[in-house]
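# Commentary on secondary and tertiary structure
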Amino acid sequence: MVAKNTFRGGGSDMREFDGSSNKNTVIAAHAARNFTFTKNFIASALLAFVTSAHGLLTTASLRGKEKYSYNVATVPLLAEALKLSISFVLLRREMRLAASSSSSSESTSTKVVMTTQVKTVMLYPIPSLIFLLHQAVSFPALVLLDPTTFLVLGNLKIVITGVLTRIFLKSTSAGWTYKKWIGLILVTVGACTTQVGKSEKTGGKWMLFQRFSAFGYFLGIGDAILSALGGVYVEFVFKKNLNDSIHWQNLQMYAFGLLFNSARLTYLDFRKFGGWDDDNDDSSGNEAVYAWPMTVFSGHSFISMCVVANLAFGGLLVSHIIKNVDAIAKVFATACAMFLTPTLSFILFAHVPSPAIFGGVLIASYGMLTYYDLVPVRSSGNLSSSSSSSSNSDS
């Protein structure tokens with residue numbers, strides 16, 4: 001058999017491969033890349049839908065009342081517990097499948113990689129603390145700022161994520177060009193544009209910048225920084241041990257998240273029963289007599305439990321996207337939720353979207369295409385090379 005394709009290896013060694021087998025290998029690799037792209041695209045689309053549904057479900061859980069019938073601080077706690085349980089089940093399943101495949105084939109042994117070094121495990125409490133601080137900052141920022149301004153400031157996390165990725169994950173952002181920065185800025189501008197407009201609730205006035213508070217702006221920008229920092233740090237931790245099982249990594253992160261949320265509820269109980277805080281922002285409006293472990297499900301309904309399930313499912317999707325793609329894809333997916341929410345509001349509640357939303361969608365879509373280098377741009381180098389080639393052909 002005469003080799004049709006020849007590939008040069010290291011040094012002067014020559015390795016010859018049969019053309020048909022190499023073609024099959026290329027086809028298999030291409031199919032694997034397509035499958036990975038499809039899987040990540042579906043995960044990103046689901047995250048956009050879940051993020052959009054979170055606000056709608058949270059509003060629906062009010063059931064027409066002014067206050068929640070449940071303690072809203074228990075929602076992230078229950079979500080962390082649900083994510084922890086799902087990750088444990090998936091890890092056990094992965095270990096069982098690996099054990100069965102190892103026993104069936106003696107030549108190839110598959111093993112679930114789980115790094116248990118103390119210095120590695122102690123990296124996982126940090127993102128839980130960041131997200132807990134993020135939740136603590138969001139509430140006072142929403143009190144001091146109008147919701148539209150808060151959302152616009154929150155969209156700064158798109159550019160901030162890019163900056164933090166460039167600073168702390170240089171291996172991930174090594175091939176960045178100016179087009180990626182332009183794409184990030186356009187997505188941010190597009191997401192902010194969707195929030196600009198007039199509303200009937202404000203008497204036909206502009207919704208943006210209704211209230212000015214220097215401390216509120218400080219908290220809003222800090223909220224965006226914490227959100228971006230959490231995503232970039234999770235990417236750093238996940239990809240530091242890239243071969244580790246994602247379910248094992250999730251298990252550690254959600255265990256610390258459950259621990260910190262439990263500590264937060266215990267602290268709120270101390271403030272409440274000790275008389276330190278008469279107006280607890282996490283209370284549901286009902287007089288609590290017992291400690292939080294005995295009233296964790298008090299006041300919850302089917303819709304509020306859907307909020308918990310939605311938050312847990314979204315967290316698992318975020319882990320998958322950060323592990324297999326990057327934190328930028330995660331913020332892009334959540335930005336798409338700002339375009340999806342008006343659509344769902346129109347379908348479910350007949351709320352007519354403002355014209356600014358359509359302009360924001362176009363700007364952000366062009367920004368995403370630019371970031372992923374799907375928009376052809378004719379560079380000066382290409383122009384010079386084409387002109388030189390044409391002059392050579394003329395001569």
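Report on the accompanying structure. (Residues numbered from 1 in each chain as written. Predicted model: local features only at pLDDT ≥ 70, side-chain atom pairs only at ≥ 80, totals over all residues. Heavy atoms only, no water.)

Here we come to the overall build of the protein chain. Helix and strand counts for the protein chain stand at 13 helices and two strands. Counting every position in the protein chain, which comprises 395 residues, the buried fraction comes to 40%. A separation threshold of at least 6 residues defines the contact pool for the protein chain, and within that pool the share at least 24 residues apart is 78%. Carbon and sulfur atoms provide 66% of the accessible area of the protein chain, an area that totals close to 22700 Å². (Helix = DSSP H or I, 4+ residues; strand = E, 2+ residues; numbered from the N terminus. Buried < 20%, exposed > 50% of the residue type's maximum accessible area, 1.4 Å probe, protein only. Contact = heavy atoms within 4.5 Å. Areas by Shrake-Rupley, 256 points an atom, 1.4 Å probe, with all protein chains shown as cover.)

Now for the packing of aromatic side chains. Here the structure, examined in full by the defined rule, presents five aromatic pairs. Considering the side-chain rings of tyrosine 233 and phenylalanine 236, the 5.9 Å spacing of their centres and the 50 degrees angle between planes classify their relative orientation as tilted. Within this pair, tyrosine 233 and its partner phenylalanine 236 are both found in helix H8 (residues 214–240), separated by three residues, close to a single helical turn. Note on phenylalanine 236: relative accessible area 33%, which makes it partly exposed. Consider the rings of phenylalanine 332 and tyrosine 371, whose centres lie 5.2 Å apart with planes at 85 degrees: the pair is edge-to-face. In this pair, phenylalanine 332 sits in helix H11 (residues 327–349) while tyrosine 371 sits in helix H12 (residues 355–371), placing the two residues 39 residues apart along the sequence. No difference in accessibility class separates phenylalanine 332 from tyrosine 371, as the two residues are buried. The positively charged end of lysine 180 is found above the aromatic ring belonging to tyrosine 371, 4.1 Å away from the centroid. (Phe/Tyr/Trp six-rings, centres within 6.5 Å; stacked < 30°, edge-to-face > 60°. Lys NZ or Arg CZ within 6 Å of the ring centre and 35° of its normal.)

As a further point, take a nonpolar patch on the surface. A contiguous nonpolar patch, built from Phe41, Ile42, Leu46 and Phe313 and spanning about 380 Å² of accessible area, is present on the exposed surface. Top element by residues in the nonpolar patch is helix H1 (residues 19–60). It accounts for three residues. With respect to the helices and strands, the residue phenylalanine 313 is situated in helix H10 (residues 302–324). (Patch = residues over 30% accessible without salt bridge, like charges linked within 9 Å, V, L, I, M, F, W, Y side chains within 5 Å. Salt bridge = Lys/Arg side-chain N within 4 Å of Asp/Glu carboxyl O.)

Under the criterion given, the structure shown has two salt bridges. Between lysine 83 and glutamate 80 there is a salt bridge, with the nearest N and O atoms lying 3.2 Å from each other. Taken together, the residues span about one helical turn, with lysine 83 and glutamate 80 both in helix H2 (residues 74–104) at a distance of three residues. Across the pair, glutamate 80 and lysine 83 agree in class, each one buried. One salt bridge connects glutamate 235 with lysine 239, and the closest N-O pair in it is separated by 3.1 Å. Separated by four residues within a single helix, glutamate 235 and lysine 239 lie in helix H8, roughly one turn from each other. For glutamate 235, a relative accessible area of 1% translates into the label buried. Given the relative accessible area of 26%, lysine 239 is considered partly exposed.

So, on to the packing of helix H7 (residues 178–193) against H12. Direction vectors running N to C along H7 and H12 enclose 165 degrees, while the axes themselves pass 7 Å from each other. In terms of axis orientation, H7 runs roughly antiparallel to H12. As for the relative orientation of H7 and H12, their crossing is left-handed in sense. Contacts between H7 and H12 involve Lys179, Lys180, Ile182, Gly183, Leu184, Leu186, Val187, Val189, Gly190 and Thr193 from the former and Ala356, Gly360, Ile363, Ala364, Tyr366, Gly367, Met368, Thr370 and Tyr371 from the latter. Its residues assigned to classes, the contact of H7 with H12 shows eleven nonpolar, six polar and two charged. (Axes fitted to C-alpha atoms, helices over the stretch in contact; angles between N-to-C directions. Parallel < 35°, antiparallel > 145°, perpendicular 65-115°, else oblique. Left-handed = near helix turned anticlockwise from the far one by under 90°. Nonpolar A, V, L, I, M, F, W, Y, C, P; charged D, E, K, R; others polar.)

Leu47, Tyr124, Val237, Phe238 and Met253 are the most contacted members of the largest nonpolar core, which has 21 residues in total. Ranked by residue count, the leading element in this core is H10, at five residues. Those residues in contact with tyrosine 124 that sit more than four places away from it in its chain are Val237, Phe238, Gln249, Gln252, Met253 and Phe256. Formed by 13 residues, the second largest nonpolar core is a distinct cluster that contains Ala73, Val75, Ala79 and Val308. (Core = buried A, V, L, I, M, F, W, Y, C linked by side-chain atoms within 4.5 Å.)

Let us look at the environment of leucine 151. With respect to the element layout, leucine 151 can be found in helix H5 (residues 147–154). For leucine 151, a relative accessible area of 38% corresponds to the partly exposed category. Separated by 73 residues in sequence, leucine 151 and alanine 224 place their C-alpha atoms 9.5 Å apart.

Moving on, we get to the packing of H8 against H10. Two elements in contact, H8 and H10, have axes whose closest approach is 9 Å; the angle formed by their N-to-C orientations is 65 degrees. The two elements H8 and H10 cross, and the hand of that crossing is right-handed. Between H8, through Gly231, Val234, Glu235, Phe238 and Lys239, and H10, the contact on the second element is made entirely by Ser319, Ile322 and Lys323. Its residues placed into classes, the contact of H8 with H10 shows three nonpolar, two polar and three charged.

This paragraph deals with the environment of leucine 164. When you line up the elements, leucine 164 lands in helix H6 (residues 157–168). The exposure class assigned to leucine 164 is buried, which follows from its relative accessible area of 13%. Along the primary structure leucine 164 and valine 232 are separated by 68 residues, whereas in three dimensions their C-alpha atoms are 6.9 Å apart. Residue contacts for leucine 164: discarding those within four places in its chain leaves Leu169, Ala228, Leu229 and Val232.

The next thing to look at is the side chain of histidine 247. With respect to the helices and strands, the residue histidine 247 is situated in helix H9 (residues 246–273). Residue classification places histidine 247 among the buried positions, given a relative accessible area of 19%. Not counting chain neighbours up to four residues away, the residues in contact with histidine 247 comprise Ser87, Leu90, Leu91 and Glu94.

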